[in-house]
Each structure stands twice: as C-alpha cells, then as structure tokens.
Amino acid sequence: MRVIDDLLRNADRYATDPEHGYHATDKTAEPGRGLAIVACMDARLRLFSLLGLDEGDAHIIRNAGGVVTDDVIRSLSVSQHVLNTVDVLVIQHTDCGLTKTTDEAFDALMREHAGHRPSWGLRTITDLEASVRESVASIRESPFLVHRGEVRGAIFDVATGELTEVS
C-alpha cells in the first residue's frame, strides 16, 4: 500500500467518524485561544497532545528547527493582523536534525545537488537554548507583528517528553 493512499483513507474516516473525527465545524479560522505556535517539523513533536490543544485552538507554524525565519514572520503577521492571535510560543527540541550538520556543509550539499547554494540559509543550531532565545527575540523585535501578548520559548526533550521553558 502506498503511504499517501493510506493517509487519504484515514482522512475519509476522519471526516465521517462522529466520535473521534472532525468536530470543528462550529469554529472559525481565528484560533480559539488566540495563540500561534512556532515549532520544528520533527514528527516526534505531537503538539496537540503535548499542549492539550484541540482543533481550532491555535495556529501551528512548523519548519526545520522551529527557527524564526522571514517566512515564519510572514505567517505570524497573518495570524496576528488578520486572524487576531495574541500570544506566541516557540518550541524547539533535543536531537534536532539542525544540530547534525553545519550551514557550510549543507550549502555544499545543495551546490552538489542543485548546482548552486539556496537563497536561504539553513540556520543550523549549535546551542539549543540560544537558538530559542534568538527566535523569541526575532518575534519580539519584528516591526510586522502586533506585540500585544506574550512571546515565550521552550525546549521539548524527545527522550523524556518533557517541555522546559527557556528564560
């Protein structure tokens, strides 16, 4: 069985299961908790389970490393200005793929693969707490964001399942 075929069958069940399926038909695009979460794309981060969220509670913005890039600021700008979110939580994690390479090594890999380096930087992580602080600072300092709520950061430990706030 092909992976995407399996996923599409699961989606059919999700749409029709009254007990365990989709139940956010009465909600809007505005997150019910006024929250946006920036997190790594790592499949081990089950954000809804981890944070006790339900459909419609928060915007989830995921990318490699959970680092705040221009595109994250773009998504947060829409989240705040158009869809009225207030608070932002940044979540990065231990054993992240961005700790396993360097910007230079990745650029070389991309030059080998595509013939040139990408227009964007990978932004590898050498110090996880510093990376979280940098991402939080990028959000706090962005002139494109509303800045009317909290912006906080945390690290998820993939070995223990614990989430620790970074101050």
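Residues numbered from 1 in each chain as written. Predicted model: local features only at pLDDT ≥ 70, side-chain atom pairs only at ≥ 80, totals over all residues. Heavy atoms only, no water.

A. Representation of the overall build of the protein chain. Helix and strand content of the protein chain: 5 helices and 5 strands. Scanning the protein chain from its N terminus toward the C terminus, one meets helices and strands in the order α-β-α-β-α-β-α-α-β-β. For the protein chain, the spread of C-alpha atoms along the principal axes amounts to about 50 × 50 × 35 Å. Here the protein chain holds 167 residues, and 37% of them are scored as buried. Of all intrachain contacts in the protein chain linking residues separated by at least 6 positions in sequence, the fraction that spans at least 24 positions is 66%. Accessible surface, the protein chain as shown: approximately 10,300 Å² in total, 53% of it carbon and sulfur. Averaging the positions of the 17 positive and the 27 negative side-chain charges in the protein chain gives two centres separated by 2 Å. (Helix = DSSP H or I, 4+ residues; strand = E, 2+ residues; numbered from the N terminus. Buried < 20%, exposed > 50% of the residue type's maximum accessible area, 1.4 Å probe, protein only. Contact = heavy atoms within 4.5 Å. Areas by Shrake-Rupley, 256 points an atom, 1.4 Å probe, with all protein chains shown as cover. Lys, Arg positive; Asp, Glu negative; His and termini not counted. Charge placed at Lys NZ, Arg CZ, Asp CG, Glu CD.)

B. Representation of the side chain of aspartate 57 in the model. Checked against the element boundaries, aspartate 57 lands in the loop between helix H2 (47–51) and strand E2 (58–63). Separated by 2.6 Å, the side chain of aspartate 57 and the backbone nitrogen of aspartate 54 make a polar contact. Excluding residues within four positions of it along the chain, aspartate 57 makes contact with Lys27, Pro31, Gly32, Arg33, Gly34, Leu35 and Gly52. (Polar contact = N/O pair within 3.5 Å; in protein donor to acceptor, adjacent residues only side chain to side chain.)

C. Quick peek at the packing of aromatic side chains. The tally for this structure, following the rule as stated, stands at 2 aromatic pairs. When the centroid spacing of 6.1 Å and the interplanar angle of 40° are considered together, the rings of phenylalanine 106 and tryptophan 120 count as tilted. Of this pair, phenylalanine 106 sits in helix H4 (residues 103–114) while tryptophan 120 sits in the loop between H4 and helix H5 (128–141), placing them 14 residues apart in sequence. Judged by its relative accessible area of 18%, phenylalanine 106 falls in the buried class. (Phe/Tyr/Trp six-rings, centres within 6.5 Å; stacked < 30°, edge-to-face > 60°.)

D. Structural view of the pattern of salt bridges. Per the stated rule, a full pass over the model turns up 11 salt bridges. Notably, a salt bridge pairs aspartate 57 with arginine 33, separated by 3.8 Å at the nearest N-O pair. Separated by 24 residues along the polypeptide, aspartate 57 in the loop between H2 and E2 and arginine 33 in the loop between helix H1 (3–16) and strand E1 (35–40) bring together distant segments of the chain. Taking the relative accessible area as the measure of exposure, arginine 33 reaches 49% and is therefore partly exposed. A salt bridge links glutamate 134 to arginine 123; the shortest N-O distance between them is 3.2 Å. A residue pair is termed long-range when its members are at least 10 positions apart, and glutamate 134 in helix H5 and arginine 123 in the loop between H4 and H5 qualify at 11 residues. On the accessibility criterion, glutamate 134 (45% relative accessible area) is partly exposed. Look at arginine 123 and you get partly exposed, because its relative accessible area is 26%. Each member of the salt-bridge network shares a partner with another, and the members are Asp42, Arg44, Asp95 and Lys100. (Salt bridge = Lys/Arg side-chain N within 4 Å of Asp/Glu carboxyl O.)

E. Layout of the layout of surface pockets. Computed from the structure, the largest pocket encloses a volume of approximately 260 Å³. Around the largest pocket, the lining comprises 14 residues; the ones closest to its centre are Asn63, Val67, Thr69, Asp71 and Gly121. Each residue belonging to the lining of the largest pocket can be placed in one class, and the counts come to 7 nonpolar, 4 polar and 3 charged. (1 Å grid on protein atoms, 1.4 Å probe; cavity = no way out; pocket = protein on both sides within 12 Å on 5 of 7 lines; lining within 4 Å. Points joined across faces, edges and corners; volume = space filled by probe spheres on them. Nonpolar A, V, L, I, M, F, W, Y, C, P; charged D, E, K, R; others polar.)

F. Representation of the side chain of histidine 93. Inspection of the secondary structure assignment puts histidine 93 in strand E3 (residues 87–93). If we skip the residues at most four places from it in the chain, histidine 93 touches Cys40, Asp42, Arg44, Leu45, Leu128, Ile155, Phe156 and Val158.

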